[in-house]
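Understanding the architecture of this molecule
Here is how the chains run, residue by residue.
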Amino acid sequence: MNHNKIILRPDGGIPMSLTYALAVMAGISVANIYYCQPLLNLIAQDCSLTTFEVNLIPVFSQVGYALGLFTIVPMGDKYNRRNTVLVCFFTLMLALVTLYLAHHTALLLGASLVIGFCSVCPQVFMPFVSVYARPTEKERKTGIILSGLLIGILGSRVVSGYVGHVFGWRAIYLVSLVAMAVSAVVIYRIFPDVPSSYKGSFGSLMVSIGRLLRRYPRSMVFSLRSGLAFGSMLGMWGCLAFRMKEAPYHAGSDVVGMLGLCGIVGAATAAGVGKYIHRYGIRLFTLLGCGLMLLSWALFFMFDSRLWGIIAGVILIDIGMQCIQLSNQTATMQLCPEASGRMNTIFMVTYFVGGSFGTFLIGTMYSLMGWTGTVIGGAAMVAVSLVITLAFWKKTA
């Protein structure tokens, strides 16, 4: 399978084999951000770190990811996407080696920052697919990439927890190094060499993001309502571990990790629902997503003492989130296809801010009111997303 010599044209179509390969690469690359989360206790013990110091590792990874969203993703409009991805992959490999060998806080945090920064490649793949897929296939093929990304996120914690338990925390980064090396070879062989669409300087490229936001105000509607929903979901995952430690479960992180596998069911729906967005429209899918997420919060409230209620809520909230994200992210990039990378930057930065806000708000509500506060905060964020959808109903057709 070698697609280097394929000539792609906007809306002309992308081979399905290339789409699935990019989905796998998306999952492998983004997983690097989340490997550390189940391993923090092992890292702290091995490197003699305090709880505060070791908790900075995932924080630096997320900060790096945010910086990558704002700088690397829009570069896809100006620079060759294939070369951009390869540079990111090779830099990521160096950071993985550094983290594997590191014993000091500064090296651990610096490597984590670079890993987060270079793990944004899935957000380079999505605009690429959105531009070159056929109009009737854009949502479906973007959904396939999104499924790969989400499965990578959800599966990474389970894999790293097991590998860390058996072989020590450093082993997963050696495994990831090999996976990234193979991924780099695959990208070199299969990713088409397509021309860039922006000819100005990098500075003017960044300035143009603001102009695009003013020219396409609907992008903020799409991004904001998705970010609020994402914050609701992230807040749930942030507080679920605390709820599972309470009666009647008294469960540890292993059970929460297994619940993460239930989320893969929701992640897998992104590939399936994508083909229906073109038929039924963004607004209806956003309404469906909000409805499913509100239903999941109702289950979390009424049946939080029954495991089936928790499992059903986890599956529904992830399915609802994918309905909202996939429809609105695709719509944002299609507002200006020649600037799809920058439009995706607008979406993902807003999405990321919404997720951070939701984690803070719902975590604070839990500390004040327990699980009831979590439900109130999470449902409120979805409700605001729904209000925005209804308020801008005619403008977001």
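Residues numbered from 1 in each chain as written. Predicted model: local features only at pLDDT ≥ 70, side-chain atom pairs only at ≥ 80, totals over all residues. Heavy atoms only, no water.

Regarding the overall build of the protein
When helices and strands are tallied, the protein shows 15 helices and 0 strands. Based on the C-alpha atoms only, the size of the protein along its principal axes is roughly 60 × 50 × 35 Å. Taken across its 397 residues, the protein has 55% of its residues classed as buried. Restricting the contact set of the protein to residue pairs at least 6 apart, pairs at least 24 apart contribute 82%. Total accessible area on the protein stands at roughly 16,200 Å², and carbon and sulfur atoms take up 70% of it. Across the protein, the centroid of the 27 positively charged side chains sits 11 Å from that of the 12 negatively charged ones. (Helix = DSSP H or I, 4+ residues; strand = E, 2+ residues; numbered from the N terminus. Buried < 20%, exposed > 50% of the residue type's maximum accessible area, 1.4 Å probe, protein only. Contact = heavy atoms within 4.5 Å. Areas by Shrake-Rupley, 256 points an atom, 1.4 Å probe, with all protein chains shown as cover. Lys, Arg positive; Asp, Glu negative; His and termini not counted. Charge placed at Lys NZ, Arg CZ, Asp CG, Glu CD.)

Some words on helix α8 (residues 171–190)
Taking 1.5 Å as the rise per residue, α8 with 20 residues should run 28 Å; its terminal C-alpha atoms sit 29 Å apart, in good agreement. Along its buried surface, α8 packs onto α1 (16–34), α4 (81–101), α6 (122–132) and α7 (138–167). (Expected span 1.5 Å × (residues − 1).)

With respect to the side chain of T84
Within the element layout of this structure, T84 appears in helix α4. Apart from the residues lying within four places of it in its own chain, the contact partners of T84 are I72 and Y79.

Remarks on the nonpolar core
In terms of nonpolar packing, the biggest core is built from 115 residues, with F125 and F128 touching the most fellow members. When near neighbours in sequence (up to four residues on either side) are disregarded, F125 contacts L22, M25, A26, V85, I145, I187 and F191. Judged by nonpolar contacts, the second largest core, of 12 residues, contains M206, I209, C336 and M343. (Core = buried A, V, L, I, M, F, W, Y, C linked by side-chain atoms within 4.5 Å.)

Topic: the packing of aromatic side chains
For the structure on display, the rule yields 11 aromatic pairs. Ring centres of F303 and W308 lie 4.8 Å apart, and the angle between their planes is 40°; this geometry places the pair in the tilted category. Residue classification places F303 among the partly exposed positions, given a relative accessible area of 25%. Among the residues examined, W308 registers a relative accessible area of 46% and is labelled partly exposed. By the ring-pair criterion, three or more aromatic residues cluster together here, those being F125, F128, Y132 and F191. (Phe/Tyr/Trp six-rings, centres within 6.5 Å; stacked < 30°, edge-to-face > 60°.)

Observations regarding the state of the cysteines
Counted by the stated rule, this structure contains 0 disulfides. For C118, which is in no disulfide, the shortest distance to another cysteine sulfur is to C88 and amounts to 4.9 Å. Overall, the relative accessible area of 3% leaves C118 in the buried class. (Disulfide = S-S within 2.5 Å.)

Focus: the pattern of salt bridges
In total, this model carries 7 salt bridges according to the counting rule given. For E246, the salt bridge is made with R243, and the minimal N-O distance between the two is 3.6 Å. (Salt bridge = Lys/Arg side-chain N within 4 Å of Asp/Glu carboxyl O.)

Some remarks on the environment of G200
With respect to the helices and strands, the residue G200 is situated in the loop between α8 and α9 (202–215). We classify G200 as partly exposed; its relative accessible area is 25%. With 122 residues separating them in the primary sequence, G200 and K78 have C-alpha atoms 7.7 Å apart.

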